Amino acid sequence: MKIGIIYKSVHHGNTKRIAEVIVNSLGGDLLDLKDIKADVVKDYDLIGFGSGIFYSKPHKDLMKFVEGLGNVEDKKAFVFSTSGRDKLEFNSMLKEKLSGKGFEIIGEFSCKGFDTWGPFKLIGGLNKGKPDEEDFKSAERFANSLKEKI
Ligand SMILES: Cc1cc2nc3c(=O)[nH]c(=O)nc-3n(C[C@H](O)[C@H](O)[C@H](O)COP(=O)(O)O)c2cc1C
């Protein structure tokens, strides 16, 4: 099974760090969204999609990328995010779009990430040091749980 992990991580590299942990545990290719085109999807059987959360949504470039994909068959996907508030529901929009394209969603992950948006900057940011070792361990457990589903 060929695995690709696509991420968009623009604020503090929080989601990239999680993507790296997942790829180290699961294997596969780590793909920065800015370096790829939609046709890369055909090369993979399982694809992870992750980004920070901006105004309660995954990064708009990641959403656009998924919206631009054709329908797929026999492909699995998982989603992951980092955010100030760490709500698993932030993944819902991405999961729905992927399901609509025909992906079978086999898992999702979220954790907190350092956040210096707007007023939070004035107080030194939220979640300083996040994601941290605990989050990396959770991400590794998540990656291991995926192995049982592929
Ligand atoms: C403009 C902006 C908007 C954000 N909106 C939200 C939000 O609605 N909810 C939330 O929990 N975090 C929000 N965040 C925090 C980011 O989701 C968080 O810092 C995330 O870990 C960034 O990931 P990245 O470093 O991989 O880009 C926002 C951050 C920025 C800069």
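Quick caveat, the model's predicted, so the values are computed rather than measured.

Calculation notes
- Residues numbered from 1 in each chain as written.
- Predicted model: local features only at pLDDT ≥ 70, side-chain atom pairs only at ≥ 80, totals over all residues.
- Heavy atoms only, no water.
- Helix = DSSP H or I, 4+ residues; strand = E, 2+ residues; numbered from the N terminus.
- Expected span 1.5 Å × (residues − 1).
- Buried < 20%, exposed > 50% of the residue type's maximum accessible area, 1.4 Å probe, protein only.
- Contact = heavy atoms within 4.5 Å.
- Near = heavy atom within 4 Å.
- Polar contact = N/O pair within 3.5 Å; in protein donor to acceptor, adjacent residues only side chain to side chain.
- Areas by Shrake-Rupley, 256 points an atom, 1.4 Å probe, with all protein chains shown as cover.
- Nonpolar A, V, L, I, M, F, W, Y, C, P; charged D, E, K, R; others polar.
- Salt bridge = Lys/Arg side-chain N within 4 Å of Asp/Glu carboxyl O.
- Phe/Tyr/Trp six-rings, centres within 6.5 Å; stacked < 30°, edge-to-face > 60°.
- Pairing = 2+ DSSP bridges.
- Right-handed = clockwise from strand over helix to strand, strands pointing away.
- Axes fitted to C-alpha atoms, helices over the stretch in contact; angles between N-to-C directions.
- Parallel < 35°, antiparallel > 145°, perpendicular 65-115°, else oblique.
- Left-handed = near helix turned anticlockwise from the far one by under 90°.

Caption draft 1: Structural detail: helix H1 (residues 14-26). In this model H1 runs 19 Å from its N-terminal to its C-terminal C-alpha over 13 residues, within 8% of the 18 Å that 1.5 Å per residue would give. Among all positions in H1, only Asn14, Thr15, Ile18, Ala19, Val21, Ile22, Val23, Ser25 and Leu26 are buried. Buried residues belonging to H1 abut strand E1 (3-8), strand E2 (29-32), strand E3 (46-54), strand E5 (76-83), strand E6 (104-112) and helix H4 (133-147). Gly27 sits one or two residues past H1 and shows a positive phi near 85 degrees.

Caption draft 2: Up close: the site of the ligand. In the vicinity of the ligand, 21 residues are found, and the nearest of them are Ser9, His12, Thr15, Ile53 and Thr82. Thr15 places a side-chain nitrogen or oxygen 2.6 Å from an oxygen atom of the ligand. One nitrogen or oxygen atom from the main chain of Phe114 is found 2.8 Å from an oxygen atom belonging to the ligand. For the ligand, whose free accessible area comes to 660 Å², the fraction covered by protein is 90%. Of all the secondary-structure elements, those providing two or more residues to the shell around the ligand are H1, E3 and E5. Per element, the largest residue contribution to the shell around the ligand is three residues, and it comes from E3. Split into classes, the residues belonging to the shell around the ligand amount to seven nonpolar, twelve polar and two charged.

Caption draft 3: Representation of the pattern of salt bridges within the structure. Inspection of every chain in the model, using the stated rule, returns ten salt bridges. As a salt-bridge pair, Asp61 and Lys60 come within 3.9 Å of each other at their nearest N and O atoms. Beyond isolated ion pairs, a larger network of salt bridges with shared partners links Lys8, Lys60 and Asp61.

Caption draft 4: Examining the packing of aromatic side chains more closely. Tallied over the entire structure, the rule returns six aromatic pairs. Ring centres of Phe49 and Phe103 lie 5.8 Å apart, and the angle between their planes is 80 degrees; on these two criteria the pair is classed as edge-to-face. On the criterion of sequence distance, the pair formed by Phe49 in strand E3 and Phe103 in the loop between helix H3 (92-101) and E6 is long-range, its members being 54 residues apart. For the pair formed by Phe49 and Phe103, the shared burial category is buried.

Caption draft 5: Broad picture of the pairing of E5. Here E5 lies mainly inside the structure; seven of its eight residues are buried. Pairing geometry for E3 and E5, over seven bridges, is parallel. Following the sheet pairing, Ser51 is matched in E5 by Ser81. Running through H3, the crossover from E5 to the neighbouring parallel element E6 is right-handed.

Caption draft 6: Structural detail: the packing of helix H2 (residues 60-67) against H3. For the pair H2 and H3, the least separation of the axes is 10 Å and the interaxial angle reads 15 degrees. With respect to H3, the element H2 is oriented roughly parallel. Helix-helix and strand crossings are classified by hand; for H2 and H3 the assignment is left-handed. For the pair formed by H2 and H3, the contact residues are Leu62, Met63, Val66 and Glu67 on the first element and Met93, Leu94, Lys97, Leu98 and Lys101 on the second. When the residues that make up the contact of H2 with H3 are grouped by side-chain class, the tally is six nonpolar, no polar and three charged.

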